[in-house]
Amino acid sequence: MGKIRIGFGFDVHQLKDSHPFVLGGVNLQHHSGAYGHSDADVLLHAICDALLGAANLRDIGFHFSNTDERWKGISSLILLQHVVALLTDKGWSIGNIDAMVCLEAPKINPHIPAMKTHIAIAAGIDEDDIAIKATTNEKLGFIGREEGVAAYAVCLIERN
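From a predicted model like this one, the values you see are computed outputs, not experimental measurements.

Definitions and cut-offs
Residues numbered from 1 in each chain as written. Predicted model: local features only at pLDDT ≥ 70, side-chain atom pairs only at ≥ 80, totals over all residues. Heavy atoms only, no water. Helix = DSSP H or I, 4+ residues; strand = E, 2+ residues; numbered from the N terminus. Expected span 1.5 Å × (residues − 1). Buried < 20%, exposed > 50% of the residue type's maximum accessible area, 1.4 Å probe, protein only. Salt bridge = Lys/Arg side-chain N within 4 Å of Asp/Glu carboxyl O. Patch = residues over 30% accessible without salt bridge, like charges linked within 9 Å, V, L, I, M, F, W, Y side chains within 5 Å. Areas by Shrake-Rupley, 256 points an atom, 1.4 Å probe, with all protein chains shown as cover. Phe/Tyr/Trp six-rings, centres within 6.5 Å; stacked < 30°, edge-to-face > 60°. Lys NZ or Arg CZ within 6 Å of the ring centre and 35° of its normal. Pairing = 2+ DSSP bridges. Right-handed = clockwise from strand over helix to strand, strands pointing away.

Caption draft 1: Seen up close, helix H1 (residues 42–54). For H1, which comprises 13 residues, the first-to-last C-alpha distance of 18 Å matches the rise-based estimate of 18 Å (1.5 Å per residue) to within 8%. Most of H1 sits inside the fold, with 12 of its 13 residues counted as buried. Along H1, the positions that sit buried rather than exposed are Val42, Leu43, Leu44, His45, Ala46, Ile47, Cys48, Asp49, Ala50, Leu51, Leu52 and Ala54. Immediately downstream of H1, the backbone of Asn56 shows phi near 60°, a positive value.

Caption draft 2: Up close: the pattern of salt bridges. The tally for this structure, following the rule as stated, stands at three salt bridges. A salt bridge links Arg70 to Asp68; the nearest nitrogen and oxygen atoms lie 2.7 Å apart. For Arg70, a relative accessible area of 59% gives the class exposed. Given a relative accessible area of 22%, Asp68 falls into the partly exposed group. The salt bridge partner of Arg145 is Glu147, with a shortest N-O separation of 3.0 Å.

Caption draft 3: Just a nonpolar patch on the surface, in detail. A contiguous nonpolar surface patch, about 520 Å² in accessible area, is contributed by Phe8, Phe10, Val12, Phe142, Tyr152 and Val154. Elements that contribute at least two residues to the nonpolar patch include exactly strand S1 (4–17) and strand S7 (148–159). If you tally residues by element for the nonpolar patch, the top one is S1, at three residues. Considering the arrangement of structural elements, one finds Val154 in strand S7.

Caption draft 4: Seen up close, the packing of aromatic side chains. Summed over the entire model, instances satisfying the criterion amount to three aromatic pairs. On the basis of an interplanar angle of 45° and a centroid distance of 5.0 Å, the ring pair of Phe10 and Tyr152 is categorised as tilted. One end of the pair, Phe10, is in strand S1; the other, Tyr152, is in strand S7, with 142 residues separating them in the sequence. Taking the relative accessible area as the measure of exposure, Tyr152 reaches 36% and is therefore partly exposed. Plain terms: the ring middles of Phe64 and Trp71 are 4.9 Å apart, the flat faces sit at 90° to each other, and that makes the pair edge-to-face. A residue is classified by how much of its surface remains accessible, and Phe64, at 10% relative accessible area, is buried. Each member of the aromatic cluster is reached from another via a ring pair, and the members are Phe8, Phe10 and Tyr152. Looking at Lys16, its charged tip hangs above the ring of Tyr35, at a distance of 3.9 Å from the centre. Of note, Arg159 hangs over the ring of Trp92, and the distance from its end group to the ring centre comes to 4.1 Å.

Caption draft 5: How the structure looks around the pairing of strand S5 (residues 92–102). Sheet analysis places S5 next to S7, joined by 10 bridges and oriented antiparallel. Within S7, the position partnered with Cys102 by the bridge is Ala150. Handedness of the crossover joining S5 and strand S6 (residues 130–135) through helix H4 (residues 112–123): right-handed.

Purely geometric stuff here, so don't read any function into it on its own.
Take a look at the structure:
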C-alpha cells in the first residue's frame, strides 16, 4: 500500500441579503448569499483546505489571499483546480472527499448532484468519490438565525 493522508477543512461566511449564493459551484436561488472576497463558496473552500492540509501545503488563505485582487470574485471551482494542480505537482491524487454544509435555508438536497458534477470536473475525480451532506443548526446560533453558512470537509489523498 502506498502512502495515504487525510485532511480536514472548515469554512464559514456571513450571509447578506440580495447577494449571490454559490455553493459547490451551483448558483442557488435565495434571498441572501454568502459574502466574501471570491465567490464565497464555503463548500469548495472547506474542500480546498482539506486537500491542502492533507498534502501539508498550508491553507487556502496562504495560496489565495483575500487581499489579492487576482482572486476578487473568482469562481472557487478555479481555486479547486489550482489546489488539485498543487497536489499533483507534489505527487498526490485524491481518493475521496466527504463534506457537510450547515445552513438553515435554502435546502440543498436537490442541488447535490449538480454540485458533485462541478466538483468532480474541477478535481478530476469521479462523482462517486464525492459525498455532500447538509444539516441545519436547529435554529441555534448565527447559522440558525440565517446570518451565516458553514461547511466541513474531509479527504483522503494517496501518493501516486
